[in-house]
Amino acid sequence: MDKKTTTRLLYLVEKYDTPLYAYNFEKVKKQISTLKQILPTEIDVFYSMKANPNFKLISEIKNNVNGIEVASDGELYCALKAGVCSEQIIFVGPGKTQEELAYAIDSNILSIIVESQRELEIINEISKKQGKVTNVAVRVNPAKESHGARIKMGGVSKQFGIDEECVGEIFSKTKKYTNTCINGIHVYMGTQILDANLLADNFSNILDIAKEIEKEYSVKLSFIDFGGGLGIPYFNGEQPLDLEILRKKLVEIINVNSQHFDFTQIKMILESGRFIIAESGYFLTKILYKKKSRNKTYLITDGGSNVHSSAAGIGRFVRHNFPINILNRSGVNKDIEKVDIVGPLCTPTDVLGQNVELPVSEEGDIVVILNSGAYGLSASLINFLSHSKPAEVLFEEDNDFLIRSRGKREDFLIR
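Each chain has its residues counted from 1, following the order in which its sequence is written. Only residues with pLDDT of at least 70 get local features here, since the model is predicted, and only at 80 or more are side-chain atom pairs given and counted; chain-wide, interface and lining totals rely on the full set of residues. Side-chain figures throughout are based on the complete set of non-hydrogen atoms in the structure, without hydrogens or water.

### Looking at the overall build of the protein chain
So, point 1. Starting at the N terminus, helices and strands are each numbered in turn, a helix being any DSSP run of H or I of at least four residues and a strand any DSSP run of E of at least two. Of the regular secondary structure elements, the protein chain holds 10 helices and 20 strands.
So, point 2. All radius of gyration figures rest on C-alpha atoms, and the globule criterion is 2.2 Å times the number of residues raised to 0.38. Taking 22 Å as the expected radius of gyration for a compact globule of 415 residues, we find that the protein chain reaches 23 Å, a close match to that expectation.
So, point 3. Projected onto its principal axes, the C-alpha coordinates of the protein chain cover approximately 70 × 50 × 40 Å.
So, point 4. Here the protein chain, with 415 residues, has 55% of them falling under the buried criterion.
So, point 5. Every residue pair with non-hydrogen atoms within 4.5 Å of one another is taken to be in contact. A separation of at least 24 residues holds for 70% of the contacts in the protein chain among residues at least 6 apart in sequence. Only protein chains enter the accessibility calculation, which uses a 1.4 Å probe; a residue whose area is less than 20% of its type maximum is buried, one above 50% is exposed, and one in between is partly exposed.

### With respect to the nonpolar core
Note on soluble globular proteins: their nonpolar side chains tend to be buried together.
So, point 1. Residues grouped as a nonpolar core are buried Ala, Val, Leu, Ile, Met, Phe, Trp, Tyr and Cys residues, joined through side-chain atoms within 4.5 Å. Leu35, Tyr47, Ile68, Phe171, Ile185 and Ile224 are the most contacted members of the largest nonpolar core, which totals 101 residues.
So, point 2. Of the residues forming this core, the biggest block, 10 residues, is contributed by helix α8 (residues 196-217).
So, point 3. Among residues more than four places away in sequence, those in contact with Leu35 are Val45, Leu230, Leu270, Ser272, Phe275 and Ile276.

### Overview of the packing of α8 against helix α9 (residues 243-257)
So, point 1. Orientation is described by lines fitted to C-alpha atoms, with helices fitted over the stretch in contact, and by angles between N-to-C directions that extend from 0 to 180 degrees. Packing of α8 against α9 brings their axes to within 9 Å, and their N-to-C directions diverge by 15 degrees. When the axis of α8 is compared with that of α9, the two are roughly parallel. Relative to α9, α8 is oriented so that their crossing is right-handed. When α8 is examined against α9, the residues Ala196, Asn197, Leu199, Ala200, Phe203, Ser204, Leu207 and Lys211 are found in contact with a partner set consisting of Ile245, Leu246, Lys249, Leu250, Ile253 and Asn257. Put simply, angles under 35 degrees are roughly parallel, angles over 145 are roughly antiparallel, angles from 65 to 115 are roughly perpendicular, and the rest are oblique. Here is the rule for handedness: rotate from the far helix to the near one, and if that takes an anticlockwise turn smaller than a right angle the crossing is left-handed, while a clockwise turn gives right-handed.

### Some words on a nonpolar patch on the surface
So, point 1. A cluster of nonpolar side chains, Ile314, Leu381, Phe384 and Leu385, forms an exposed patch at the surface whose accessible area comes to about 320 Å².
So, point 2. With respect to the helices, strands and loops of the structure, Phe384 is situated in the loop between β18 (366-369) and β19 (391-396). A patch consists of residues exposed above 30% relative accessible area that lack any salt bridge, with like charges linked at up to 9 Å and nonpolar side chains (Val, Leu, Ile, Met, Phe, Trp, Tyr) linked at up to 5 Å. Surface accessibility in these figures is a Shrake-Rupley result with a 1.4 Å probe; residues are shielded only by whichever protein chains are displayed. What makes a salt bridge here is a side-chain nitrogen of Lys or Arg within 4 Å of a carboxyl oxygen of Asp or Glu, nothing more.

### Considerations on the packing of aromatic side chains
Given two aromatic rings, one states the distance between the centres and the angle between the planes to describe the pair.
So, point 1. Centres within 6.5 Å make a pair out of two Phe, Tyr or Trp rings, where for Trp the six-membered ring is used; the pair is then stacked when the planes are under 30 degrees apart, edge-to-face when over 60, and tilted otherwise. With the rule as written, the count across this model stands at 8 aromatic pairs.
So, point 2. With 4.9 Å between their ring centres and 50 degrees between their planes, Tyr234 and Phe322 make a pair best called tilted. Of the two residues, Tyr234 is situated in the loop between β11 (223-225) and α9 and Phe322 in the loop between β14 (296-301) and β15 (324-326); the sequence distance between them amounts to 88 residues.
So, point 3. Connected via pairs of aromatic rings, a cluster forms that spans Tyr21, Tyr23 and Phe283.

### Concerning helix α4 (residues 73-81)
Spacing of three or four residues puts side chains on the same side of an α-helix, whose turn is 3.6 residues.
So, point 1. Within α4 the residues assigned to the buried category are Glu75, Leu76, Cys78 and Ala79. The arc enclosing the buried residues of α4, seen along the axis, measures out at 165 degrees, which places them on a common side.
So, point 2. Residues of α4 that are buried sit in contact with α3 (55-61), β3 (67-70), β4 (89-91) and α5 (98-106).
So, point 3. Following α4 by one or two positions, Gly83 has its phi on the positive side, about 95 degrees. What the arc describes is the spread of directions from the helix axis to the C-beta atoms.

### A closer look at unusual backbone geometry
So, point 1. Omega for the peptide link from Thr18 to Pro19 comes to -5 degrees, which places this bond in the cis form.
So, point 2. Considering the arrangement of structural elements, one finds Pro19 in the loop between α1 (3-16) and β1 (20-24).
So, point 3. Look at Asp17: it is not a glycine, yet its phi comes out positive at around 70 degrees.
So, point 4. Along the chain, the position of Asp17 falls in the loop between α1 and β1.
So, point 5. Its relative accessible area of 30% is what places Asp17 among the partly exposed residues.
So, point 6. The phi angle at Asn371 is positive, at roughly 55 degrees, despite the residue not being glycine.
So, point 7. Secondary-structure assignment places Asn371 in the loop between β18 and β19.

### Details of the pairing of strand β6 (residues 134-141)
So, point 1. Within β6, 7 of the 8 residues are buried, which leaves it mostly tucked inside the rest of the structure.
So, point 2. For two strands to pair, DSSP has to find at least two bridges joining them. Sheet analysis places strand β5 (residues 111-114) next to β6, joined by 3 bridges and oriented parallel. Note on β6: the bridge partner recorded for Val114 is Val138.
So, point 3. One crossover worth recording links β5 to the parallel β6 by way of helix α6 (residues 117-130), and it is right-handed.
So, point 4. The pairing of β6 with strand β9 (residues 180-186) spans 6 bridges and is parallel. Paired with Val136 across the two strands is Ile182, which belongs to β9.
So, point 5. Looking at chain direction, β6 and strand β8 (residues 162-163) are connected through 2 bridges and run parallel. Along β8, the bridge assignment pairs Asn141 with Asp163. A right-handed crossover is one whose linking path, passing over the helix from the first strand to the second, runs clockwise when the strands point away from the viewer.

### Remarks on α1
So, point 1. Counted at 1.5 Å a residue, the expected span for α1 with its 14 residues is 20 Å, and the 20 Å between its end C-alpha atoms agrees.
So, point 2. For α1, the complete set of buried residues consists of Thr5, Thr6, Arg8, Leu9, Leu12, Val13 and Tyr16. The arc enclosing the buried residues of α1, seen along the axis, measures out at 165 degrees, which places them on a common side. Turned more than 90 degrees away from the buried face of α1 sit Lys3, Lys4 and Glu14, all of them exposed.
So, point 3. Two to three positions downstream of the cap, the backbone nitrogen of Lys4 sits 3.1 Å from a side-chain oxygen, assigning the N-cap of α1 to Asp2. The span one expects for a helix is its residue count, reduced by one, times 1.5 Å. Pairs of N or O atoms are called polar contacts if they sit within 3.5 Å, as long as, within protein, a hydrogen donor faces a hydrogen acceptor (for residues adjacent in sequence, only side-chain-to-side-chain pairs).

These results come straight from atomic positions and should not be treated as a statement about function.
Right, dumping it as structure tokens:
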């Protein structure tokens, strides 16, 4: 971390206290710009809101991306209130309620991603009552498995989408659903992929699926969503995604498939959350106590797994440490010690870092966990033990503004 960023984060800690999430919006814009540069011009970038759904963040991001992907009525409401045009929103998720579907239909969004035949039937029924024809895309669970994804979202038995071998049940009955327009497909192979060749293969495979559907069922698709999955390196030994290789391969794939598809008539989407937002985020927490127990040194901080479950490894089979440093000791203290960083909770799973080699620190020093922009506060157990929620701050250049204030004790009277 450079000196300018370190100085800025120390200023934000002094201004807003800890625990604190700080997001560098310059990095967010840079990641979006990078993504647009490597993708063929035919592909639009949609921000995957689940990565970080903060309202102010969405209000700013909407001006830099082509659209937003939501996965609940809450996210849809937030996106609309943030000023995102309804025609720039898609709605995914395997368990949408009838109320959520009615809200999405009434909002005239770009597309609802259908994940079962029953969901399509319900959309058709609601659309008929509203006197509308609703655009939908079929989420396809591909037969081909993605082996390099950290979390597999297709290719195996999953709750997501309709198995590739069963999509005929949908496309062969398009005339039956008179109040829906089944005009596209959505395929999400997996997440946190760092292999450019694998990502390119996924793109190619999805276009092959689209070609087969058009050929088999005599339909013309006008919407193809490639999902996402672009990863960032979190842990030791991980290498960044080779964007130049990805760019070249995607251009080749588009050129080859242009013999079949008229890409001027097809809306193609890439969803991205983690790649756009993760590296912009810093989680800052203060060392309350430093203690030893049977030759192990512990740094006990004011923020733990309750506010940063991802760093604590909750939900992962194998825990690895995020990039971690002592903010006010960075580049100053050359002496190193091995420590465990733990939070304030009454559970042994409250471990933010294990056997981490860091500059020798003292009580009052600030621990900073990098790459904390995605799946941080919103993916955490924030009500566990009723500790106050951290503040969230967005900053760029010489400006910063509070996007969520710290929680108060009184907040826990209303859940």
